[in-house]
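# Remarks on the overall topology
Here is how the chains run, residue by residue.
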Amino acid sequence: MNIKVTTLSNGLRVVTDRMDTVETASIGVWVDAGTRHERPEINGVSHLLEHMAFKGTRRRSARDIAEQIEAVGGHLNAYTSREHTAYYARILKEDLALAVDVIADILQHSTLDAEELAREQAVVVQEISQAIDTPDDIIFDYFQETAYPDQAIGRPVLGTAELVRGMTRTTLADYMRDNYGAKRMILAAAGNVEHDRLVDLAATSFDALPADQTAFAEPAGYRGGDFREERDIEQVHVILGFDGVGYQDPDFYTASVLATLLGGGMSSRLFQEVREKRGLVYSIYSYSSSYQDGGLFAIYAGTGEDEVAEVMPVICEEVMKVILGVEEDELHRARAQLKASTLMSLESSSSRCEQLARQMLIYERPVPVEEVVRDIEAVDAAAVRRCAARLFSTNPTFATVGPLNKVEDYDRIVRRLR
């Protein structure tokens, strides 16, 4: 890998990973602003702003933005998470200047037109309604809010229909001014791109970013608890979770190995025991999700109304078994899966680009793949058992949507984990 980093005079960091063997480049700006940077009354503003960025600038209409990138065969998109917002493109190597110009334009000169805003508010409200109507989607919002009640990081990325409808142009402009400063942005690129040329393009194009402000920041405080919503549907969707680890935590890679071993693939304990051996679910998996100052470790399952009575005891039993012992062969498979996914991602310029940006935001440096592989390989059975004991001793978070008459009560689930 050929990774270079340059910080511009305004504080914008430019990072590239050159790949000479491809004809394309992936490029984007990652902003250190997401749901956790929103005050309660403007929950959802990060996501709405992400939509509005594509709805016209002083130089380009919404149609111009779409057509100019697609006219050269490129792809332009964005996403919002709880900690970051990303605006990115994939283009042929000769169209780098166009991509930089378009991304810089939408991040600095969006008009946030009132008519466009009204239309996009209606679109986002439809997106919220779609999420609510999809139980295996909305349950993750319920789970997050139960784990972090009355906190920014526990609120939904999309916001609520009422809050989104009430946002004005001033709401978006003020949030953009307070959070879209150069020092909170990473311009990342991977593929057939020359670092010095991108630095020159960035210095010229990103010349109108607002001064950096002291942004709203609220530390994450995990609490856990119980959430249940009765619905007349065919499946019961459940998530059982625990207080997890942050990116800087010494157990970061251990928790990832644990999640893979417990429910990360078809050979994992949960998949084999709950689906293959007992036939109780179609979908079951575990994951470790991290933030700057905390995280969540969770298990999701979708099961039938009758089967849920057996599923929860089995999940709890498998959770507790990990504390008691880990076999060397399953540990090897879990480490191999993580290493393979890490190395396979290097074949994609898009993955490399995103990975670089996230590393710069989280660690303030590119993390060599050799370091990642070394840390994964260093996870042994004792570390997994210790991490499992640490995580599973915390107050559980339980969320469920569907027919609830055979779902165990929260206190009984807690007792199974003690």
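Residues numbered from 1 in each chain as written. Predicted model: local features only at pLDDT ≥ 70, side-chain atom pairs only at ≥ 80, totals over all residues. Heavy atoms only, no water.

### Looking at the overall build of the protein
The test is simple: Counting from the N terminus, the helices are DSSP H or I runs at least four residues long and the strands are E runs at least two residues long. Only the C-alpha atoms count toward the radius of gyration. The rule for a globule is 2.2 Å times the residue count to the power 0.38. The classification of residues rests on relative accessible area computed with a 1.4 Å probe and restricted to protein chains. Under 20% of the type maximum is buried, over 50% is exposed, and intermediate values are partly exposed. The criterion used for residue contact is that any of the two residues' heavy atoms lie within 4.5 Å. Working definition of accessibility: Shrake-Rupley area with a 1.4 Å probe, residue cover restricted to the visible protein chains. The positive count covers Lys and Arg only, the negative count covers Asp and Glu only, and His and the chain ends enter neither. Note that the charge is assigned to NZ on lysines, CZ on arginines, CG on aspartates and CD on glutamates.
A tally of regular secondary structure across the protein gives 16 helices and eleven strands. Scaling as 2.2 N^0.38, a compact globule of 418 residues should have a C-alpha radius of gyration of about 22 Å, and the protein matches this with 23 Å. Each of the 418 residues in the protein was classed as buried or not, and the buried ones make up 56%. Partitioning the intrachain contacts of the protein with sequence separation of at least 6 by distance along the chain shows that 82% fall at a separation of at least 24. Summed over its atoms, the accessible surface of the protein is roughly 17900 Å², and 47% of this surface lies on carbon and sulfur atoms. Averaging the coordinates of the 44 positive side-chain charges in the protein and doing the same for the 67 negative ones gives two points 3 Å apart.

### Observations concerning the side chain of Ser110
Counted only if it meets this: Here a polar contact is recorded for every N or O atom pair within 3.5 Å, except that within protein the pair must consist of a potential hydrogen donor and a potential acceptor, and residues adjacent in sequence are included only if both atoms are side-chain atoms.
Residue position: Ser110 is located in the loop between helix H3 (96-108) and helix H4 (114-132). Within the structure, Ser110 has its side chain in polar contact with the backbone oxygen of Ala53 (distance 3.5 Å). Within the structure, the side chain of Ser110 is placed 2.6 Å from the backbone oxygen of Ile106, a separation counted as a polar contact. Setting aside residues up to four positions removed in sequence, Ser110 forms contacts with Met52, Ala53, Gly56, Thr57 and Asp105.

### So, the sheet that holds strand S4 (residues 75-80)
Put simply, the test is: Note: two strands are recorded as paired if DSSP finds a minimum of 2 bridges between them. Whenever a helix is involved, its axis is fitted only over the stretch in contact; in every case the axis is a line through C-alpha atoms, and angles between N-to-C directions fall within 0 to 180 degrees.
The mixed open sheet is built from six strands, whose spatial order is S1-S2-S6-S3-S5-S4. Since the sheet does not close on itself, it has two edges, and those belong to strand S1 (2-7) and S4, each with one partner. Shown here is a sheet whose adjacent strand axes are inclined to one another by a mean of 15 degrees, direction ignored. Of the pairings in the sheet, the one linking S4 to strand S5 (residues 85-92) comprises six bridges and is antiparallel in character. Bridging across to S5, Thr80 finds its partner in Thr85.

### So, a negative patch on the surface
Defined as follows: Here the term patch refers to residues with relative accessible area over 30% and no salt bridge, with like charges joined within 9 Å and nonpolar side chains (Val, Leu, Ile, Met, Phe, Trp, Tyr) within 5 Å. In what follows, salt bridge is the name for a side-chain nitrogen of Lys or Arg lying within 4 Å of a carboxyl oxygen of Asp or Glu.
Residues Glu230, Asp232, Glu234 and Glu305 make up a contiguous surface patch of negative charge. By secondary structure assignment, the location of Glu230 is in strand S7 (residues 225-230).

### Considering the nonpolar core
Here is a general trend for soluble globular proteins: nonpolar side chains tend to be buried in one another's company. Spelled out, the test is: In plain words, nonpolar cores are sets of buried Ala, Val, Leu, Ile, Met, Phe, Trp, Tyr and Cys residues tied together by side-chain atoms within 4.5 Å.
Formed by 54 residues in total, the largest nonpolar core has its most connected members in Ile27, Tyr87, Leu172, Tyr180, Leu187, Leu198 and Phe206. Ranked by residue count, the leading element in this core is H3, at eight residues. Membership of the second largest hydrophobic core comes to 53 residues, among which are Val274, Leu280, Phe297 and Leu331.

### Quick look at the state of the cysteines
Think of a disulfide as a covalent bridge from one cysteine sulfur atom to another cysteine sulfur atom. We apply this condition: Cysteine sulfur pairs qualify as disulfides if the two atoms are within 2.5 Å.
Across all of its chains, the model carries zero disulfides by this definition. We note that Cys316 lacks a disulfide partner, and the nearest cysteine sulfur, in Cys387, lies 18 Å from it. Judged by relative accessible area, which is 0%, Cys387 ranks as buried.

### Describing the pattern of salt bridges
Counted according to the given criterion, the structure contains 35 salt bridges. One salt bridge connects Arg390 with Asp249, and the closest N-O pair in it is separated by 2.8 Å. You can see Arg390 sitting in helix H15 (residues 381-392) and its partner Asp249 sitting in the loop between strand S8 (235-243) and helix H9 (252-263), a full 141 residues away along the chain. Its relative accessible area of 34% is what places Arg390 among the partly exposed residues. Measuring nitrogen to oxygen at the nearest pair gives 2.6 Å for the salt bridge that ties Glu408 to Arg416. Residue class for Arg416 comes out partly exposed when judged on its relative accessible area of 30%. Through salt bridges with shared partners, a single network forms among Arg59, Arg60, Asp101 and Asp105.

### Observations concerning the sheet that holds strand S11 (residues 397-402)
Taken together, the five strands give an open sheet; going across it, the order is S7-S11-S8-S10-S9, and neighbouring strands pair in mixed fashion. Edge positions in the open sheet fall to S7 and strand S9 (281-291), since each of these has one partner strand only. Taking the axes of each pair of neighbouring strands and ignoring which way they run, one obtains an average angle of 10 degrees across the sheet. Where S9 and strand S10 (residues 294-304) come together, ten bridges link them in antiparallel fashion. Residue pairing across strands places Ser289 opposite Leu296, the latter belonging to S10. Relative to the sheet, helix H10 (residues 269-277) contacts S9 and S10, its axis offset from that of S9 by approximately 155 degrees.

### Some thoughts on helix H12 (residues 328-345)
Under the convention used in this document: To estimate the expected span of a helix, subtract one from its residue number and multiply by 1.5 Å. The arc in question is formed by the directions pointing from the helix axis toward the C-beta atoms.
A rise of 1.5 Å per residue sets the reference length of H12, with its 18 residues, at 26 Å; its end C-alpha atoms lie 26 Å apart and thus fit the reference within 8%. Buried within H12 are the following residues: Glu330, Leu331, Ala334, Arg335, Leu338, Thr342 and Ser345. Down the axis of H12, the smallest arc covering the buried residues is 140 degrees, so these residues share one side. On its buried face, H12 is in contact with H9, H10, helix H13 (349-363), helix H14 (369-377) and H15.

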